[in-house]
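# Chain and residue survey
Residue-level listing of the chains:
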Amino acid sequence: MTTTTSARTAPTTRVWIIAVFVAFTMSGLAIATWLGRIPSVRDSLDASTFEMGLLVLSMAVGSIGGLTFAGHIVAKVGARRGVQVAAFCLAAGIVFAGFAVTFGWGFAAIWVGLVAFGFGNGLVDVSMNVSGAAAEKAGGRTIMPLFHAAFSVGTLAGAGIGALTEALEVPVVLHFAVLGVVTCVVMLAAASRFGDEHRYEEHESTATSPTPVQLTRWQVWAQPSTLLIGVIVLGMALAEGSANDWLPLAMIDGHGLDNAAGSAVLTVFLAAMTAGRIAGSPLIDRFGRVPVLRVSAAVAVVGLGLLIFVDVIPIAIIGVVLWGLGASLGFPMGMSAAADDPRSAALKVSAVATIGYVAFLAGPPLIGFLGEHIGLLGALLVVFVFIIGAGLASGAARETGAAAETLRKRRARDGDHGTAGARAAHDQQADGTQRDGGEPRLQADRPDHTTDDTMADPASSGGARTDR
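## Notes on the overall build of the chain
Within the chain one finds 19 helices and 0 strands. Looking at the chain as a whole, 54% of its 468 residues are labelled buried. Look at the contacts in the chain between residues 6 or more apart in sequence, and 82% of them connect residues 24 or more apart.

Have a look at this one:
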């Protein structure tokens, strides 16, 4: 018997969603806290460009370590504990680095602090995306792009604070200590309000349902869907990261803008990214991930093409807006797709995020190297190609499991039984295996185990476990 539980359960789901929003915002704020003081760090060390590159590398090394272990940590103790551990790593790393900069402890000490900071960044990335994907299921609507929009808001706030502290010549240690502690405390408080993402695993077996399969880390990496979703995330992460790193210089060197105008164009790109993530959620709910991903890739390709090939500044800026809008939804939709399978969500999100981080590691030096020879606008053709690849791989992000059932019900409720809804329903009716490469079907993915109550909020299920 189905009962109405929205009055009782909606606040719980709402608090969970708000908590994830806070975690994403604090993660963006933490990253921008470091990025906003790079000029002061360079001046304090009297460092060369190469030495500053090594500091950036230290964060990348730590992030890869965090991503590598995050799948195991989240699978073992849950996303809540993962975010809490990450909060301490972020705070300890940034505060230690601040002391090392201000008190002259040396390059190696800063490197150690940034490795710890990067580890926390990688761990929180996976943890909050896993919890965010589960909260998205609990809420019954697409909100992952909004979570990533909150991250963008956090980076904008952190960059603004960084610019202010630079102008006021606030000591790096004071800035890092205050923001590190604030970020840690708020993130810990937010994580304490996370729901239990493991509730979606709790379903009774039936005589006709296959035994649930717990995949290992290497089995997750061997799945074709993992690699194809990774291609989506790689292309869209490169689209986002290359703009952060090179767009101002591309506008200055390629289109003749001055330094201030070049930086302003980056702000236009970031604003377009944020707007795209806010506006994208209802589109994903209406049409499904695959059509939205394909259109997003096409918009990004058109925008980047205008920037590269049209030497008219207003049209190039229009291209930047289209580039930002098109690149805005790829990464969050990739994270949602990776988390569709509840039993391997942590490991799969970790794997896909690791692939995405290749864009942040290899992308900037590759574009810089090519830019030395053919100019930055020409070097951005690499991004152009990877975005096309992401669009071609977008079918791998098709909704499966509970996400497909939610899409089917929503489209049926709206009276629209179009292609995406029919395909989602067809996927749900498949016998024993998913359509994407024959991966094991999970109990949680079977619609006969999903009720209106559990889709509204997993807490309404009697078999829900406490957080691990």
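## So, the packing of aromatic side chains
Under the criterion given, the structure shown has 7 aromatic pairs. Judged by centre distance (4.7 Å) and plane angle (65 degrees), the rings of F21 and F147 are edge-to-face. Taken together, the residues span a long stretch of sequence, with F21 in helix α1 (residues 6-35) and F147 in helix α6 (residues 144-168) at a distance of 126 residues. Measuring from centroid to centroid gives 6.1 Å for F99 and W105, while their planes differ by 15 degrees, and the two rings are stacked. One aromatic cluster is present, formed by F96, F99, F103 and W105 through successive ring pairs. Geometry around F287 places R286 over its ring, the cationic atom sitting 5.0 Å from the centre.

## Some remarks on the environment of I17
With respect to the helices and strands, the residue I17 is situated in helix α1. For the pair formed by I17 and A134, sequence separation is 117 residues and the distance between their alpha carbons is 9.5 Å. Ignoring sequence-local partners within four residues, the contact set of I17 consists of A135, G139, I143 and F147.

## Digging into the packing of helix α4 (residues 79-102) against helix α7 (residues 172-191)
Remark: α4 packs on α7, axes separated minimally by 8 Å, with the N-to-C direction vectors making an angle of 175 degrees. Between α4 and α7, the angle is such that the two are roughly antiparallel.

## Things to note about the nonpolar core
W34, L247, L304, L307, W323, L380 and I387 are the most contacted members of the largest nonpolar core, which has 115 residues in total. Ignoring anything within four residues of it in the chain, the contact list for I387 reads G235, A239, A297, A300, V301, L304 and W323.

## Thoughts on the confidence of the model for the chain
Across the chain, the average pLDDT comes to 77, with 77% of residues at 70 or higher. The weakest mean pLDDT in the chain belongs to helix α19 (residues 452-456) at 38; the strongest belongs to α7 at 94. Scored below 50 in pLDDT, residues 200-212 shows 32 contacts in the model against residues more than four places distant or in partner chains. A low-confidence stretch, residues 417-468 (pLDDT under 50), is modelled with 129 contacts involving residues beyond four sequence positions or located in other chains.

## Some points on the packing of helix α9 (residues 224-255) against helix α11 (residues 289-309)
Between α9 and α11, the least distance of the axes is 12 Å, while the angle of their chain directions is 20 degrees. In terms of orientation, α9 lies roughly parallel with respect to α11. Where α9 crosses over α11, the handedness of that crossing is left-handed. Of the residues in α11, those touching α9 at I232, M236, L247, M251 and H255 are L293, S296, A297 and L307. Broken down by class, the residue content of the contact of α9 with α11 amounts to 7 nonpolar, 2 polar and no charged.

## As for the pattern of salt bridges
Within this structure, the stated rule accounts for 1 salt bridge. Of the charged contacts, one joins R277 and E240 as a salt bridge, the two residues approaching to 3.2 Å between their closest N and O atoms. With R277 in helix α10 (residues 259-287) and E240 in helix α9, this pair connects stretches of sequence that are 37 residues apart. Neither R277 nor E240 differs from the other in exposure class; each is buried.

Scoring rules and cut-offs
Residues numbered from 1 in each chain as written. Predicted model: local features only at pLDDT ≥ 70, side-chain atom pairs only at ≥ 80, totals over all residues. Heavy atoms only, no water. Helix = DSSP H or I, 4+ residues; strand = E, 2+ residues; numbered from the N terminus. Buried < 20%, exposed > 50% of the residue type's maximum accessible area, 1.4 Å probe, protein only. Contact = heavy atoms within 4.5 Å. Phe/Tyr/Trp six-rings, centres within 6.5 Å; stacked < 30°, edge-to-face > 60°. Lys NZ or Arg CZ within 6 Å of the ring centre and 35° of its normal. Axes fitted to C-alpha atoms, helices over the stretch in contact; angles between N-to-C directions. Parallel < 35°, antiparallel > 145°, perpendicular 65-115°, else oblique. Core = buried A, V, L, I, M, F, W, Y, C linked by side-chain atoms within 4.5 Å. pLDDT = per-residue confidence, 0-100. Left-handed = near helix turned anticlockwise from the far one by under 90°. Nonpolar A, V, L, I, M, F, W, Y, C, P; charged D, E, K, R; others polar. Salt bridge = Lys/Arg side-chain N within 4 Å of Asp/Glu carboxyl O.

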